[in-house]
Amino acid sequence: MIAAMQNDQHEARRVLIRGIVQGVGFRPFVFRAATRHGVCGWVLNGAAGVEVHAEGAAERIAAFLDELQSEPPAAARISHFDVSRVTPEGAASFQIRASHRDETPTALISPDLAVCADCLREVQDSGDRRHQYPYINCTNCGPRFSIVVRLPYDRANTTMGAWPLCDQCRAEFENPLDRRYHAQPIACGRCGPNYNLTHGDERIETAENAIRRAAELLCEGAIVAVKGIGGYHLACDARNAAAVEALRTRKFRKEKPFALMVATLEQARSIVELSEAHEPLLLESARPIVLAPAKVALPGVAPDNAALGVVLPYTPLHYLLFAHGAPSPLVLTSANRSSEPIAFRDDAAKAQLAGIADAFLTGERPIARRMDDSVVAVRKGKPFMIRRARGYAPAPVARLPTGGPIFAVGSDLKNAVALAVDGEVFMSQHIGDLGDAETDEAFGEAVRDLLAMYDIDPEHLTVVHDLHPEFRSTRYALALPARRTIAVQHHHAHIASVLAEHGLLDERVVGVSLDGTGYGIDGTIWGGEFFVGSVRGGFERSASLRPVRMPGGDAAARFPVQAAAGFLHEMAGLPDMNQPPFYFPPRFFAARDLLAKDVRSFVSTSAGRLFDAVAAILGFTRESTFEGQAAMWLEDQAHARWPQSPYPFAELDHRPLMQAIVDDRLAGRDPREIAAAFHAALAEGVARQIKRLCRQNDVSAVALSGGVFQNELLLHAVFNETEDMRGVRVFTNERVPVNDGGIALGQAVFAAV
Ligand code: ZN
Ligand code: ZN
Ligand code: FE
């Protein structure tokens, strides 16, 4: 009788847990929870995720499953938790079983994780056997995506495969109760890889001495190439203006801001203004570079920029460098020349960086794929992705209604590609601007990588590309042996990326895309667009900035005075732009000649070029040395005198706006006030259109996207100006960039609906 009653209570459940659940300490966590709750059964890594079999009294199983969902390991991300009732197997204990190896892998690979507090404690503890060991890691921390060569995620399939475990590491690896149970990159100073230093003829083989010497060299003003997680960085003392200047000269990087690594959060607080939203971002395991308002001036680090990019140490090596006295803040920038992708293979790095770095601090662990640091800002109190790479890729960014597989190649600038499998969209790390041999190679690697990782046969793919027929990404897409191929208009993709992030795929919206350039459906260049519609029903272009004839092709994006020529062409009574206060260079007049003769000019509604033109009138008459530089300069000017009452910008017509700006400039008004009044005009004009289109079309959701919305003043002003619309919600991108780095997600959407 008693036995029967026990039998009544003895139930069993099978659970499939999907998401980022492998390589993050999930199985030992399940094991420990089962032991604590007195549940029998097993756990294993399946191809689709973690499978759990639980037997015992119903209430014990319930409590156990509850804990699995509510307190998973820090680095785990559960996307599905499917429970079914099964027949008890009569298990008498709880076991960790061997993995299935025969199915198609769809389990997610974890992004790289910053070193955890436990490992940091050990690395600093002189009694610990991993004292000072720069490759210390455990199941809660360390490299993941950057060391995976193929799936499943086992040591032999990572770049750690070459280092057999010593007895002590093996014992930890095999003990379910150890923090390093099945930590694939596990290693120690006895059995694992190490760091060394070369500095001219000087060569130091032991890690501790190598790191100490590197710290010393940095203090002396040297530029040191440091091998990290996704590639090499170039480091130098941020307070040493001569070192920073030398780095700029050698790297051919004239003005683009450098990021700073600071030793501690306290120090971050002392150099940038951190809000409540900034601090958790800095501490996140993804360890992005966080953009925040500068509190100090560091010559040459971020010229003409009110913000600084700051990152906390994320590898044990970074902590050890600071512990050995490396200066903080350190400039820490991707090791490359100008626009090339980050160097990540040792031989190539040594060759590429020969004239740049004074010394090399090189780790022996190979990097499987290159990965830049991610860059995140804060907008409206929330994280706002600027560059998505290390720490975030390849985690999924959105869910789509259909299964796929869909492959989206993105855009040619700030390229990232996306793969949708089982309705989950995975995005590659930031790849860069396509067009040079190195970046094109990185693009090919990322494509092969994603397809191989999820074992996708290209012939089953729906491939999505930009409408631009001349894009390299388009040509690449068309050459793939796909099942079908779709072209998506650039700004439609921008808007769809916002809708995918916020689960608004069925919603009719007003979409506003303010951007550099994109190929329009009518064959002209778009970039200041207002759409009404939905992903399913299609978007109608309901308004745009007033079109302008732009002289001289792509160069208009590099030379703000050339964009100014386009906007000023129709202006009656234009003053002599050669004279003060304008001092426009000859390029402006050559561009005007092109327009007068109507050669090599094209029609554009680009918002980016409008910013360039205004920047030129206010004094930015030189060449832009990186994309968006003139616009960033203009925002910085405006910031200093914000707010101002807006210039006229009715019906998105730039003519009265430009007239007012030229007049005020001639009248001697402070250019910073003019810049602020321009931002106010744009925000007001955009908000007015949004309100009109929402009202006329009875729409209650708005999506803002496109690179121009990286502008904090503008984005916040548009949010403020539309706040009074009752029942209307305004969205923008958060997890993927508003710039072209988010395009691939938007493209994928159109293949899924
Ligand atoms: Zn750890
Ligand atoms: Zn070992
Ligand atoms: Fe764009």
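Bear in mind the structure is a predicted one, so any value in this text is a computation, not a measurement.

Looking now at the layout of surface pockets. Considered as a void within the structure, the second largest pocket measures approximately 700 Å³ in volume. Elements represented by at least two residues in the lining of the second largest pocket include exactly β1 (10-20), β4 (77-86), β16 (382-387) and β17 (396-399). Of the residues assigned to the lining of the second largest pocket, the class counts are 17 nonpolar, six polar and seven charged.

Around a metal, the perfect tetrahedron of four donors has angles of 109.5 degrees, and the perfect octahedron of six donors has angles of 90 or 180 degrees. For the iron ion (ligand 3), the full set of protein donor atoms is His490 (NE2), His494 (NE2), Asp515 (OD), Asp515 (OD) and Asp740 (OD), at a range of 2.0 to 2.7 Å. Within one chain, the residues donating to the iron ion (ligand 3) are spaced in sequence as H-x3-H-x20-D-x224-D. Here the residue His490 occupies a position in helix α14 (residues 490-501), and Asp740 occupies one in the loop between β29 (729-732) and α22 (743-752), the gap between them amounting to 250 residues. Since its relative accessible area comes to 1%, His490 is described here as buried.

The next point concerns the sheet that holds strand β15 (residues 375-379). Spatially, the 11 strands line up as an open sheet ordered β7-β6-β14-β8-β9-β13-β10-β12-β11-β15-β16, and their pairing is mixed. The two strands at the open ends of the sheet, each matched to only one other strand, are β7 (202-204) and β16. Strand after strand, the sheet turns through a mean of 30 degrees between neighbouring axes, direction not considered. For strand β8 (residues 224-227) and strand β14 (residues 359-363), the ladder comprises three bridges, and the chain directions are parallel.

This part takes up the pairing of strand β28 (residues 701-705). Most of β28 sits out of view: five of its five residues are buried. Side-chain alternation along β28 places Ala701, Ala703 and Ser705 on one buried face and Val702 and Leu704 on a second face that is also buried. Across four bridges, the pairing between strand β23 (residues 509-519) and β28 is parallel. Counted as the bridge partner of Val510 is Val702 from β28. Sheet analysis places β28 next to β29, joined by four bridges and oriented parallel. Bridged to Ala701 within β29 is Arg729. The parallel pair β28 and β29 is bridged by helix α21 (residues 712-721), and the resulting crossover is right-handed.

This part takes up the coordination of the zinc ion (ligand 2). Coordination of the zinc ion (ligand 2) by the protein comes from Cys166 (SG), Cys169 (SG), Cys188 (SG) and Cys191 (SG), over a distance range of 2.2 to 2.4 Å. Considering all four donor atoms around the zinc ion (ligand 2), angles at the metal cover 103 to 114 degrees and the coordination shape is tetrahedral. In terms of primary sequence, the donors binding the zinc ion (ligand 2) are separated according to C-x2-C-x18-C-x2-C. With Cys166 in the loop between α4 (117-124) and α5 (167-174) and Cys188 in the loop between α5 and β6 (195-199), this pair connects stretches of sequence that are 22 residues apart. Judged by relative accessible area, which is 10%, Cys166 ranks as buried. By relative accessible area, Cys188 is classed as buried at 2%.

In this section: the pattern of salt bridges. Using the criterion set out here, one finds 46 salt bridges in the structure. Glu684 is the partner of Arg688 in a salt bridge, and the nearest nitrogen-oxygen pair spans 3.1 Å. A residue pair is termed a helical-turn pair when its members lie 3 or 4 positions apart in one helix, as Arg688 and Glu684 do in helix α20 (residues 671-697) at four residues. Take Arg688: its relative accessible area is 36%, and that puts it in the partly exposed class.

What the rule picks out here adds up to four cavities of 30 Å³ or more. By volume, the largest cavity is sized at about 170 Å³. Lining the largest cavity are 19 residues, with Pro143, Ile229, Thr315, Pro316 and Arg365 positioned closest to its centre. Grouping the amino acids of the lining of the largest cavity by side-chain chemistry returns 12 nonpolar, four polar and three charged. Empty space within the second largest cavity amounts to approximately 110 Å³. If you go around the second largest cavity, you meet 13 residues; those closest to its centre are Arg370, Gln429, Ile431, Ala442 and Glu445. When grouped by side-chain class, the residues that make up the lining of the second largest cavity number six nonpolar, two polar and five charged.

Turning our eyes to something else, we now look at the sheet that holds strand β22 (residues 484-488). Within the open sheet, the six strands sit side by side as β17-β20-β19-β18-β21-β22. Their pairing is mixed. Only two strands of the sheet have a single neighbouring strand rather than two, namely β17 and β22. Within the sheet, the average angular offset between the axes of one strand and its neighbour, ignoring direction, is 20 degrees. Two strands pair when backbone bridges link them, and β17 and strand β20 (residues 424-427) are joined in this way by three bridges, in the antiparallel orientation. The residue bridging Pro396 from the neighbouring strand is Phe426, located in β20. Sitting on the sheet, helix α13 (residues 472-479) is in contact with β21 (462-466) and β22, with an inclination near 160 degrees to β21. Sheet contacts for α14: β17, β21 and β22; angle to β22, the most-contacted strand, approximately 100 degrees.

Here helix α6 (residues 207-219) is 13 residues long and its end C-alpha atoms lie 18 Å apart, about the 18 Å a rise of 1.5 Å per residue gives. Here α6 has its buried residues at Ala207, Ala210, Ile211, Arg213, Ala214, Ala215, Leu217 and Leu218. Gly221, located one to two residues past α6, shows a positive phi value of around 100 degrees.

Scoring rules and cut-offs
What you see as residue numbers is a count from 1 along each chain, following the sequence as written. The order in which chains are written sets their letters, starting at A; the order in which ligands are written sets their numbers, starting at 1. Local features in a predicted model are, by the rule used here, given only for residues with pLDDT of at least 70; side-chain atom pairs are given and counted only at 80 or more, and totals for whole chains, interfaces and linings are based on all residues. Computation of side-chain values: all heavy atoms of the structure, hydrogens and water removed. The definitions used throughout rest on a 1 Å grid laid over the protein atoms alone, on which a cavity is an enclosed set of points accommodating a 1.4 Å probe that cannot get out and a pocket is an open set flanked by protein within 12 Å on both sides along at least five of seven lines; lining residues are those having an atom within 4 Å of a point. Grid points are joined across faces, edges and corners, and a volume is the space filled by probe spheres set on the points. Helix and strand assignments follow DSSP, with helices taken as H or I runs no shorter than four residues and strands as E runs no shorter than two, numbered in order from the N terminus. All amino acids are sorted into three groups, where Ala, Val, Leu, Ile, Met, Phe, Trp, Tyr, Cys and Pro are nonpolar, Asp, Glu, Lys and Arg are charged, and the leftover types, Gly among them, are polar. Keep in mind that water is not among the atoms, so a site may look incomplete; donors are the N, O and S atoms within 2.8 Å of the metal, or 3.2 Å for Na, K and Ca. Burial classes follow relative accessibility: with a 1.4 Å probe on protein chains only, a residue under 20% of its type's maximum area counts as buried, one over 50% as exposed, and anything between as partly exposed. Any two strands between which DSSP finds at least two bridges are classified as paired. Angles here are taken between N-to-C directions and fall from 0 to 180 degrees, while the axes themselves are lines fitted to C-alpha atoms, restricted in helices to the stretch in contact. Crossovers are marked right-handed if the path from the first strand over the helix to the second runs clockwise, as seen with the strands pointing away from the viewer. Irregular is the label for any site that misses the other tests, which are tetrahedral for four donors with all angles between 85 and 135 degrees, and square planar for four donors or octahedral for six when opposite donors exceed 155 degrees and the remaining angles lie between 65 and 115. In the sections that follow, a salt bridge refers to a side-chain nitrogen of Lys or Arg positioned within 4 Å of a carboxyl oxygen of Asp or Glu. Residues count as neighbours in contact if any of their non-hydrogen atoms are within 4.5 Å of one another. Helix span is expected to be 1.5 Å times the residue number reduced by one.

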